[in-house]
Every structure is written in structure tokens, then in C-alpha cells.
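Architecture at a glance
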Amino acid sequence: MLNLPFPPSVSAAPAQPPALDPRPAVLLLHGLCANPLEMMPLARSLRDAGYVVEAPALEGYGVAPPAAGAAPETRRRRAVPRFEEWVDMAAAHFDALAARHERVAIGGLSMGSVLTLALALRRPAAALMLLSTSLHFDGWNVSPWRRLLPLAYVPPLRQWLAFRETAPYGIKNERLREWVAQAMSSSHVSAAGADRLPAASLHQASRLIRHVRARLHEIDAPAVVLHASEDDVSGPRSVLELQRRLATTPEVHWFHHSYHMLTLDNERGAVTQAARQFLLRQVPVADPADRDFILSATEDIRHEQHA
């Protein structure tokens, strides 16, 4: 019997990880008790320019608009997650994009802008777009009684108290404001957010703001700040703090014919163009479809920019 040697084992070559998509990705974060509808004008503009854009709904942080034709949902009180869980959810979406794309930028509106900053403390964002950043609630439509709001954060109270949104709902455009008011009346939620803000959500938002303000100096990603000079929710103080305390001085754009909801209001075209142009400079796409915007008669492209 022949004693033949066993054939040498053939080991399979290690599997190569799939190549990353060279197109940059953008993660857009909506505001507190709001939904991705408010980010859609910006998302469409960035997709047109060649970016892969995700604008997720974050459960327990936002509210879902009713499905078309559906009856308004009966209100149910749900536990509000801690702000750390909001950041965890945003980080999970960032990680999913980063697993497929070489670079990921982040943008947010209102409290979504603060959430963007919190995420930038955890993840290497290619760039930041900060719209109507609410580091302070000191706009002209904020009640002077707001300074007593911490009293509503006492554990038994904050699970039951809620504060009704009031006109102008962050919207200067009267026609759009009327539509938002009708949507809030009929279904309790609109493209501009919910008709009520639970005290528990505001409590977590205040914790998120404190967390971010304490660490602004650690954020060095290139950033653009877009803010209304007549912001009814957060005045210029938030912008000044970003300019003074971010590790890299941000590019700042002021808009003079809108209120807090910049992505929906009179200057939405100018807002989306400013954000898009900034991103094309900082995180260019291989073949940008950088066509000029066609603005409607109600949109004004003029605004004020500062380095």
C-alpha cells in the first residue's frame, strides 16, 4: 500500500471588505418633537448635488406625522428616552452610513443642530451644517415665564405636563403658517413639528444643551451656521457662542426674512443653497450637479454672510 502524502491544504484568501461608495453621505437630524418633513427641502437639494442623504425619524425624540388619509391618533403618553439615547440613535445611523461611504457630514435644525454637535463629539464628521441652533431659548416669541420651566422638570410633574406651541410656529410666511396651524389642529403634528412639547422632552433637551455647551471647544469639524436675525425661538446669542467657542471658527449666514424654521420659510431656497455650497467646498462630490436654484416669487436669495 502506497503511503501518499496528503495534498497541501488550500486556504481561502481572506475576503476583501467591499469598496466604500466614493459619494459623500449626509445625515440630517430633525428638531425636537418634529419629524423629517422639515428637512426635506435641504435633503432634496443635497441629493440633486450628488450626495447620499438620510433624514431618519428618531423614536422618542421626534413625532411621526399621520399617514395620508388616516384618522388622527389618540394621544398616548410614552416614556421619553434620555438624551444619551437620542445620541445613540443618531450615532447608529451615522455608523451605518460610514460603513458604506468614505465621508459623512451631519446637519440639523433647531434641537437637531444641538444633536448634530453632540454626535460630532462622538464621531468624525466631515462637516457640520447647523441651522437655527438652539443653545439658548431666548427668541422674541419665548415667554418670559420660561425661566420658571425647571420647576416643571420635577419627576412627578414632567411626565404629565406639556406646553402648547403658539403662533407663529417659527414661520414668517403667513400662508405657510396658516397651513401649519390647520395641520396642528387636525392631526396635532405638521411639517413644523408637534402642537405640544412634553416637559419630559424639554427636560432632556436642556440636559443635551448643557452637555454640548460644556464641550463646544472640542468640536473642530468645519461648520456652517445658518440663522434668522428674527428667530422667534433662539436669538443671536446661540450663534455668538458657536463663533466664540467652537474649535474652528464657523462660516455664518444670517437670513433677514424668516423665523426659526429656516428650511420651510421664505428664504428656504437661499438657506438650502448656502448649505449646499458650503458642503460642496468642504466635502466635494466627484461630479457635482451644481445647478442654480430656481427660486419662487416668495423666496429671496439675498442674505448676509460672515466668515
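Residues numbered from 1 in each chain as written. Predicted model: local features only at pLDDT ≥ 70, side-chain atom pairs only at ≥ 80, totals over all residues. Heavy atoms only, no water.

Predicted coordinates in regions of low pLDDT should not be interpreted in detail. Looking at the protein chain, the pLDDT average stands at 83 and 72% of residues meet or exceed 70. Low confidence marks residues 68–76, where pLDDT is under 50. Its contacts with residues over four positions away, or in another chain, come to six contacts. Scored below 50 in pLDDT, residues 290–300 shows 24 contacts in the model against residues more than four places distant or in partner chains. (pLDDT = per-residue confidence, 0-100. Contact = heavy atoms within 4.5 Å.)

What follows covers the packing of aromatic side chains. Think of a pair of aromatic rings as described by two things: how far the centres are apart, and how the planes are tilted against each other in angle. One pass over the structure, following the stated rule, counts two aromatic pairs. A ring pair is formed by Trp 140 and Tyr 259, whose centres lie 5.3 Å apart and whose planes are at 70°; its orientation type is edge-to-face. Of this pair, Trp 140 sits in the loop between strand E4 (128–131) and helix H4 (155–158) while Tyr 259 sits in the loop between strand E10 (251–255) and helix H8 (268–282), placing them 119 residues apart in sequence. With relative accessibility at 49%, the residue Trp 140 sits in the partly exposed group. By relative accessible area, which is 11% here, Tyr 259 ends up buried. (Phe/Tyr/Trp six-rings, centres within 6.5 Å; stacked < 30°, edge-to-face > 60°. Helix = DSSP H or I, 4+ residues; strand = E, 2+ residues; numbered from the N terminus. Buried < 20%, exposed > 50% of the residue type's maximum accessible area, 1.4 Å probe, protein only.)

This brings us to the pairing of strand E1 (residues 25–29). Across the five residues of E1, five count as buried, placing the element largely inside the fold. Alternating positions in E1 separate into two faces, Ala 25, Leu 27 and Leu 29 on one and Val 26 and Leu 28 on the other, with burial throughout. Pairing analysis gives three bridges linking E1 to strand E2 (residues 52–54), with the strands arranged parallel. Along E2, the bridge assignment pairs Val 26 with Val 53. For the handedness criterion, the β-α-β arrangement of E1, helix H1 (residues 40–48) and E2 is classed as right-handed. Relative to strand E3 (residues 104–109), E1 runs parallel, the two sharing five bridges. Within the sheet, the bridge partner assigned to Leu 27 lies in E3 and is Ile 106. (Pairing = 2+ DSSP bridges. Right-handed = clockwise from strand over helix to strand, strands pointing away.)

With five of its five residues buried, E10 lies for the most part within the structure. Bridge count between strand E9 (residues 223–228) and E10: five bridges; the pairing is parallel. From the neighbouring strand, Val 225 faces E10, where its bridge partner is Val 252. Viewed along the sheet, the connection from E9 through helix H7 (residues 236–245) into E10 turns out right-handed.

Mapped onto the secondary structure, Asp 265 falls in the loop between E10 and H8. Here Asp 265 occupies a buried position and makes no salt bridge, while the nearest side chain of opposite charge, Arg 268, is found at 6.2 Å. At 2.9 Å, the side chain of Asp 265 forms a polar contact with the backbone nitrogen of Tyr 259. For Asp 265, the contacting residues outside a window of four places in its chain are Gly 170, Ile 171, Lys 172, Asn 173, Leu 176, Ser 258 and Tyr 259. (Lys, Arg positive; Asp, Glu negative; His and termini not counted. Salt bridge = Lys/Arg side-chain N within 4 Å of Asp/Glu carboxyl O. Polar contact = N/O pair within 3.5 Å; in protein donor to acceptor, adjacent residues only side chain to side chain.)

Moving on, we come to H8. Residues that lie three or four places apart on an α-helix share one face, since the helix turns once every 3.6 residues. Between the first and last C-alpha of H8 there are 21 Å, a value that for 15 residues agrees with the 21 Å anticipated at 1.5 Å per step. Taken residue by residue, H8 has Gly 269, Ala 270, Val 271, Thr 272, Gln 273, Ala 274, Ala 275, Arg 276, Phe 278, Leu 279 and Leu 280 as its buried positions. (Expected span 1.5 Å × (residues − 1).)

The phi dihedral of Ser 110 is positive, around 60°, even though this residue is not glycine. Mapped onto the secondary structure, Ser 110 falls in the loop between E3 and helix H3 (111–120). Non-glycine residue Tyr 169 carries a positive phi angle of around 60°. Structurally, Tyr 169 can be placed in the loop between strand E5 (162–164) and helix H5 (174–187).

A word on the pattern of salt bridges. What the rule picks out here adds up to 10 salt bridges. The partner of Asp 88 in a salt bridge is Arg 122, with the nearest N and O atoms 2.6 Å apart. Of this pair, Asp 88 sits in helix H2 (residues 83–98) while Arg 122 sits in the loop between H3 and E4; the two residues are 34 residues apart in sequence, bridging distant segments of the chain. Here Lys 172 ties to Glu 230 by a salt bridge, and the two come within 2.7 Å at their closest N and O atoms. Highlighted residues: Lys 172 in the loop between E5 and H5 and Glu 230 in the loop between E9 and H7, separated in sequence by 58 residues.

Turning our attention to the nonpolar core. Judged by nonpolar contacts, the single largest core of 45 residues is most densely connected at Leu 117, Leu 128 and Leu 208. Setting aside its immediate chain neighbours within four residues, Leu 208 contacts Phe 83, Trp 86, Val 87, Met 111, Val 114, Leu 115 and Ala 118. Counting residues in hydrophobic clusters, the runner-up holds 33 residues, among them Met 39, Ala 127, Leu 226 and Val 271. (Core = buried A, V, L, I, M, F, W, Y, C linked by side-chain atoms within 4.5 Å.)

Turning to its location among the elements, His 101 is positioned in the loop between H2 and E3. Every residue in contact with His 101, bar those within four places of it in the chain, is listed here: Leu 20, Asp 21, Arg 23, Ala 25 and Val 52.

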